[in-house]
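Each chain, letter by letter, is given below.
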Amino acid sequence: MTTDYCCKSPFFPGVEEAAVAGGAAGAGSPSVPDQDVVSRLSAAGLSMCVSALGSPARSSPVSAGSEHGERFSRKVFVGGLPPDIDEDEITSSFRRFGPLVVDWPHKAESKSYFPPKGYAFLLFQDESSVAALMEACITDDDKLYLCVSSPTIRDKPVQIRPWRLADADYVLDASMPLDPRKTVFVGGVPRPLKAAELAMIMDRLYGGVCYAGIDTDPELKYPKGAGRVAFSNQQSYIAAISARFVQLQHGDIDKRVEVKPYVLDDQMCDECAGARCGSKFAPFFCANVTCLQYYCEHCWATIHSRPGREFHKPLVKEGADRPRAVPFRWYNALGSSKQQAAHPSLPKPAAAARLF
Ligand SMILES: [Zn+2]
Ligand SMILES: [Zn+2]
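What counts and how
- Residues numbered from 1 in each chain as written.
- Chains lettered and ligands numbered in written order.
- Predicted model: local features only at pLDDT ≥ 70, side-chain atom pairs only at ≥ 80, totals over all residues.
- Pairing = 2+ DSSP bridges.
- Helix = DSSP H or I, 4+ residues; strand = E, 2+ residues; numbered from the N terminus.
- Axes fitted to C-alpha atoms, helices over the stretch in contact; angles between N-to-C directions.
- Expected span 1.5 Å × (residues − 1).
- Buried ≥ 20, exposed ≤ 12 C-beta atoms within 10 Å, placed from the backbone.
- Arc of directions from axis to C-beta.
- Contact = placed C-beta atoms within 7 Å.
- pLDDT = per-residue confidence, 0-100.
- Core = buried A, V, L, I, M, F, W, Y, C linked by C-beta atoms within 7 Å.

### Overview of the sheet that holds strand β14 (residues 293-295)
Read from one edge to the other, the open sheet built from four strands follows the order β14-β13-β15-β16, with strand pairing classed as antiparallel. With one partner strand each, in any of the chains shown, β14 and β16 (323-325) form the two edges of the open sheet. The average undirected angle you get between the axes of adjacent strands in this sheet is 40°. Looking at chain direction, strand β13 (residues 284-286) and strand β15 (residues 314-317) are connected through two bridges and run antiparallel. Paired with F285 across the bridge in β15 is L315.

### Section: the pairing of strand β3 (residues 119-124)
Where strand β1 (residues 72-79) and β3 come together, five bridges link them in antiparallel fashion. Among the inter-strand pairings, F77 is bridged to a residue of β3, identified as F121.

### What about helix α8 (residues 195-206)?
With twelve residues, α8 extends 16 Å between its outermost C-alpha atoms, agreeing within 8% with the 16 Å of an ideal straight helix rising 1.5 Å per residue. A large share of α8 lies buried, amounting to ten of its twelve residues. Among all positions in α8, only A195, A196, E197, L198, A199, M200, I201, M202, D203 and Y206 are buried.

### Things to note about the pairing of strand β8 (residues 183-187)
In regular strands, side chains alternate between the two faces of the sheet. Burial analysis of β8 places four of its five residues in the buried class, the great majority of the element. The sheet contact formed by β8 and strand β10 (residues 223-231) spans five bridges and is antiparallel. Looking at the pairing, V184 lines up with V229 of β10. In terms of strand pairing, β8 meets strand β12 (residues 253-261) through four bridges, oriented antiparallel. Of the residues in β12, the one forming a bridge with V186 is V259.

### Brief notes about helix α9 (residues 234-243)
Among all positions in α9, only S236, Y237, A240 and I241 are buried. Considered in projection along α9, the buried side chains sweep an arc of 125° and stay on one side of the axis. Where α9 is buried, its residues contact β8, α8, β10 and β12. One or two positions beyond α9, positive phi appears at R244, with a value near 65°.

### Let's talk about unusual backbone geometry
Even without being a glycine, D141 presents a positive backbone phi close to 55°. Looking at where D141 falls in the secondary structure, it is placed in the loop between β4 (138-140) and β5 (143-148).

### Observations concerning the sheet that holds β5
Strand order in this open sheet of six strands is β2-β3-β1-β6-β5-β4, and the pairing throughout is antiparallel. Edge strands, defined here as strands with exactly one partner in the open sheet, are β2 (100-103) and β4. Recorded for the sheet is a direction-independent mean angle of 35° between the axes of neighbouring strands. Where β5 lies against strand β6 (residues 156-164), five bridges are found, and the strand directions are antiparallel.

### Let's talk about the confidence of the model for the protein
With 71% of its residues at a pLDDT of 70 or more, the protein shows a mean pLDDT of 77. Ignoring residues within four places in sequence, the model shows residues 13-66, a span with pLDDT below 50, making 74 contacts including any to other chains. Of the regions scoring below 50 in pLDDT, residues 330-356 engages in 25 contacts with residues more than four places distant in sequence or in other chains.

### A short note on the environment of P177
Inspection of the secondary structure assignment puts P177 in the loop between β7 (169-171) and β8. For the pair P177 and F231, spaced 54 residues apart in sequence, the C-alpha to C-alpha distance is 9.3 Å.

### Side note on the nonpolar core
In this structure, L198, A199, A212, V229 and Y295 are the most contacted members of the largest nonpolar core, which totals 76 residues. With eight residues, the single largest contributor to this core is α8. Not counting residues up to four positions away in its chain, the partners in contact with V229 are T183, V184, V186, L198, A199, M202, V209 and A212.

This is how it looks when you write it as structure tokens:
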């Protein structure tokens with residue numbers, strides 16, 4: 001059943017192949033650190049993970065390069081800019097690497113000429129510009145810097161942070177089947193966080209992580225600030241979604257992020273398997289641990305009219321893969337379902353029995 005999900009799921013492009021490739025990689029370059037390594041790394045803190053796991057050999061091969069051989073996003077973060085540098089001056093500081101546009105959050109609305117928080121994004125036209133820029137950088141403590149001048153400050157080193165496409169996916173345990181129904185959505189992920197780092201943090205907290213992914217935008221393939229973590233077992237999955245919030249600690253980042261079940265839009269109702277909803281995909285997921293099921297509107301109303309379940313909130317899949325709680329129209333749906341709830345032929349709530 002789980003392999004079925006794997007193959008059909010649109011959320012893990014190429015991960016099946018990754019699992020196969022990871023398994024076939026052999027002892028020479030294991031893509032899966034053994035338990036000793038994992039615990040030693042955990043004990044030593046995440047900065048060690050970065051160097052140990054950030055190398056190409058240990059990354060998932062999924063996005064090690066696109067069909068065009070790209071290795072980096074054309075979008076590059078630049079931080080620590082001089083406060084009086086404006087958009088034109090940033091552009092001219094980086095134009096020698098190729099045509100680019102300078103952007104920062106809310107730039108259009110603010111009508112400011114200066115990036116307000118001292119950082120900006122360089123959107124290069126060609127990926128080769130990113131390689132040229134990196135080549136010109138100086139490296140210090142694994143970070144890249146380039147000197148930039150503003151009207152009042154000469155040669156200030158600014159941090160250049162390219163995004164390596166391969167860092168968007170990481171298979172921690174290729175021996176485990178990936179089950180989207182044991183996958184959590186992690187919102188508010190700090191942008192420099194790599195999939196390998198997310199996997200290690202969540203594995204340290206809940207155990208049983210087999211995969212982590214960083215959501216990227218389809219055009220520039222740059223992180224959107226959210227991620228997914230797939231667990232190998234139900235206990236770890238339930239522990240993660242029950243926590244609701246997780247403290248992600250990595251280097252100088254220490255951020256509380258939100259954890260929710262990853263809601264799929266191609267699941268049949270777990271109660272009626274489509275019998276009561278014309279075989280349409282189920283629109284609702286109940287994240288309460290006594291349910292943890294997909295429901296059609298009809299079955300949602302039936303199951304949640306039972307005592308103790310009235311306050312469960314349906315989750316729906318939203319744009320940008322973000323699950324969202326929706327208010328359920330109780331009084332429309334309840335009238336008919338109440339009669340049916342008393343009907344002896346209705347299926348019993350399967351979830352509780354299945355989970356505990
Ligand atoms: Zn149903
Ligand atoms: Zn429920």
